[in-house]
Amino acid sequence: MGGDYTSLQNHGTPQGVKQNPLLPNSDKPNPTGPGRGSTGCIIIVIAAAFFAAMGAAIYLYLFPGLFEKFSTTFDKNEKTSEQRNESGRKVTGKKSFDGVFMDAMIVPDENGKEKLWVYTNKYDNPGYIIYTYIYDPYENKILKEYTAELDNYPPQTKLFLINNEVWKVNTGSKGIEPGIFIYDPLSGKEKMNTQAFISEYPELSAGISQMYIYDNPPKLDIETKDGRKPVFDMTGNKLYMNSTEYRKSFTKDKRNISIFALGIEKSGEDARKTLYLVTGPDENLRDKNVSEHYFSSPSTLKFMTKSEAKPLIKDKVFLEGVMLYQDDGCCFVFHQTQAGSNAERLLSCIDKEGNILWTASTEDGLFAKLKATDKDAVTGMFFIKHNVHVSRSGNLVLFNYDRIGFIGFDYKTGNIVFREDMSG
């Protein structure tokens, strides 16, 4: 989950730039006749209005809670930050989820039965309530629930299960500092908070000003208030002073690994993606993120990654394809039935032999709201691909759709085990 920031600037004509000789001088009559200038102005106004409307639509799509916030009557009995931030209230007895869906994660219990951690937020004038649920999806039962309160819209937050502990990490945003919280996965008891984490590392003693979260492999790029930029390896539980030191920690490992990757075979045909199995050095492939454009030339792939690739499925392309997940046994590709803005969307599970084990679609299995339509610009793959996520634990596959809900699939059959639509 991430945020895009757009800067808008008004640019004047730089000094010393000559007037375009192809344009009429302002003190001369318009040679094209009356009305031409006014028509151009109208076109410019219409275009500006169109892009402003698109910008507003995209902003509200990315931050849906803001509309609710501005449409609610202001509460004069405003709570202070001390009263609202991370209250940790425990709530019991509820049978349904509150708020807008943010994230969910599989957590096996002591018997190997999967439970879920579900993370949501709800506007509560003048701030937000954050809900954390421990949920049994097979029994459709909320086992535990905890809440926290924030003054502002929740920052980007991710859940990780690492070394049998739940990590909840968030970036910084207006009025909210970056946070690291570690919990027992079954009881929900907090084992460590941000201040306790900082106290373990002298390099962080000045405090954390910003943090960037990465999935593959799980790591945190940290910026401290005294200007340091360390990197924290979450799986190795080790802090490195900078990105160079972090990379050196694994460049000595010369073993080869194999990963799945989507690539573009022909330059200019970006919608057509082929699935490859790429084999090369661990130091070049460990983040499982090979540029799609390297595959249009084997020499480019070899030069950039010291790797080789073979197509996994003959004569098969994944239109507008996006790799959502992969492990040592399989991958999940999110793609469309046809290129463009009107298409059915598909989720395909594929093994390392190139067998498509099963496929779910927006017509049967996936949320219908995932379908591409030209009636809504933000349903394009450019926007949607950042809002869909897949994880797997044993025989359970979890599909998350930000702000909408989650679906559990049986890994072997593709059958739906549970489904929670929280879009209202």
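Regarding the overall build of the protein chain
Within the protein chain, the secondary structure is distributed over eight helices and 24 strands. Here the protein chain, with 424 residues, has 42% of them falling under the buried criterion. By sequence separation, contacts in the protein chain at least 24 residues apart represent 48% of the contacts at least 6 residues apart. About 23,500 Å² of surface is accessible on the protein chain, with carbon and sulfur atoms providing 51% of the total.

A look at the pattern of salt bridges
Scanning all chains against the criterion turns up 13 salt bridges. Lys 302 is the partner of Glu 308 in a salt bridge, and the nearest nitrogen-oxygen pair spans 3.7 Å. On the basis of relative accessibility, which here comes to 53%, the residue Glu 308 falls in the exposed class. The exposure class of Lys 302 is partly exposed, given its relative accessible area of 42%. Here the residues in one salt-bridge network are Arg 255, Asp 282 and Arg 286, joined through shared partners.

Observations regarding the nonpolar core
Phe 332, Phe 399 and Phe 409 are the most contacted members of the largest nonpolar core, which has 24 residues in total. Among the secondary structure elements, those contributing two or more residues to this core are strand 17 (318-326), strand 18 (330-336), strand 19 (345-351), strand 20 (356-361), helix 8 (381-384), strand 21 (388-393), strand 22 (396-401) and strand 23 (405-410). With sequence-adjacent residues up to four places away left out, Phe 399 is seen in contact with Leu 324, Leu 347, Leu 366, Phe 367, Leu 370, Val 388, His 389, Val 390, Gly 405, Phe 406, Ile 407 and Phe 409.

Looking at the sheet that holds strand 23
Working definition: the strands of a sheet are paired by backbone hydrogen bonds and lie parallel or antiparallel to each other. A sheet is described by the order of its strands in space; here four strands give the open sequence 21-22-23-24, paired in antiparallel fashion. Both edges of this open sheet fall to strand 21 and strand 24 (416-421), since each of them pairs with a single strand only. For this sheet, the mean angle separating the axes of adjacent strands, direction not counted, is 15°. Strand direction decides the pairing type here: strand 22 and strand 23, joined by six bridges, are antiparallel. The residue bridging Leu 396 from the neighbouring strand is Asp 410, located in strand 23.

Quick look at the side chain of Asn 387
Considering the arrangement of structural elements, one finds Asn 387 in the loop between helix 8 and strand 21. Asn 387 gets classed as buried once you look at its relative accessible area, which sits at 6%. Here Phe 383 takes part through its backbone oxygen, which lies 3.3 Å from a polar atom of the side chain of Asn 387.

Here we look at the packing of aromatic side chains
Scanning the entire structure with this criterion turns up 25 aromatic pairs. On the numbers, 5.2 Å between centres and 50° between planes, the contact of Phe 197 with Tyr 201 is tilted. Accessibility assignment for this pair places Phe 197 and Tyr 201 in one class, buried. For the cation-ring pair, Lys 316 lies above Phe 318, with the distance from its terminal atom to the ring centre recorded as 5.2 Å.

Section: the sheet that holds strand 9 (residues 190-192)
Pairing is antiparallel in the open sheet, where four strands are placed in the order 6-7-8-9. Only two strands of the sheet have a single neighbouring strand rather than two, namely strand 6 (157-162) and strand 9. Looking at each pair of strands side by side, their axes are set apart by 30° on average, direction ignored.

What about the pairing of strand 21?
By the bridge criterion, six bridges tie strand 21 to strand 22 in an arrangement that is antiparallel. Across the sheet, His 389 pairs through a bridge with Asn 400, a residue of strand 22. Counting the residues that bridge the hairpin from strand 21 to strand 22 gives two residues, and of these Gly 394 lies at a positive phi of roughly 60°.

Details of the environment of Ile 142
Mapped onto the elements of the fold, Ile 142 is located in strand 5 (residues 141-150). It is 8.3 Å that separates the C-alpha atoms of Ile 142 and Phe 97, two residues lying 45 residues apart in sequence.

Side note on unusual backbone geometry
Omega for the peptide link from Asn 125 to Pro 126 comes to 15°, which places this bond in the cis form. The omega torsion of the bond from Asn 216 to Pro 217 falls at -15°, within 30 degrees of zero and hence cis. In this structure, Pro 217 sits in the loop between strand 10 (208-214) and strand 11 (219-224). In this structure, Asp 315 is a non-glycine residue whose phi angle is positive, near 60°. Tracing the sequence through the fold places Asp 315 in the loop between strand 16 (308-311) and strand 17.

Remarks on the pairing of strand 23
Of all six residues that make up strand 23, six are buried, and the element is covered over most of its length. The two faces of strand 23 match: Gly 405, Ile 407 and Phe 409 on one face and Phe 406, Gly 408 and Asp 410 on the other face are all buried. Taking the residues that link successive antiparallel strands as the turn, the strand 22-strand 23 hairpin has three residues, and the phi of Arg 403 there is positive, at about 70°. Summarising the sheet, strand 23 and strand 24 pair through five bridges and their orientation is antiparallel.

Examining the environment of Gly 354
Topologically, Gly 354 is positioned in the loop between strand 19 and strand 20. Its relative accessible area of 12% is what places Gly 354 among the buried residues. Sequence separation between Gly 354 and Lys 314 is 40 residues, and the spatial gap between their C-alpha atoms is 8.8 Å. When neighbours within four sequence positions are excluded, Gly 354 is seen to be in contact with Leu 312 and Ile 313.

Structural notes on the confidence of the model for the protein chain
Within the protein chain, residue pLDDT values average 82, and 77% of them lie at 70 or more. A low-confidence stretch, residues 1-39 stays under pLDDT 50, and its non-local contacts, those more than four residues away or across chains, total twelve contacts.

What to know about the environment of Phe 232
With respect to the helices, strands and loops of the structure, Phe 232 is situated in strand 12 (residues 231-233). Judged by its relative accessible area of 0%, Phe 232 falls in the buried class. For the pair Phe 232 and Ile 222, spaced ten residues apart in the sequence, the C-alpha separation amounts to 7.5 Å. Contact partners of Phe 232, with chain neighbours within four places excluded, come to Trp 167, Phe 197, Tyr 201, Pro 218, Lys 219, Leu 220, Ile 222, Asn 237, Lys 238 and Leu 239.

Rules used throughout
- Residues numbered from 1 in each chain as written.
- Predicted model: local features only at pLDDT ≥ 70, side-chain atom pairs only at ≥ 80, totals over all residues.
- Heavy atoms only, no water.
- Helix = DSSP H or I, 4+ residues; strand = E, 2+ residues; numbered from the N terminus.
- Buried < 20%, exposed > 50% of the residue type's maximum accessible area, 1.4 Å probe, protein only.
- Contact = heavy atoms within 4.5 Å.
- Areas by Shrake-Rupley, 256 points an atom, 1.4 Å probe, with all protein chains shown as cover.
- Salt bridge = Lys/Arg side-chain N within 4 Å of Asp/Glu carboxyl O.
- Core = buried A, V, L, I, M, F, W, Y, C linked by side-chain atoms within 4.5 Å.
- Pairing = 2+ DSSP bridges.
- Axes fitted to C-alpha atoms, helices over the stretch in contact; angles between N-to-C directions.
- Polar contact = N/O pair within 3.5 Å; in protein donor to acceptor, adjacent residues only side chain to side chain.
- Phe/Tyr/Trp six-rings, centres within 6.5 Å; stacked < 30°, edge-to-face > 60°.
- Lys NZ or Arg CZ within 6 Å of the ring centre and 35° of its normal.
- pLDDT = per-residue confidence, 0-100.

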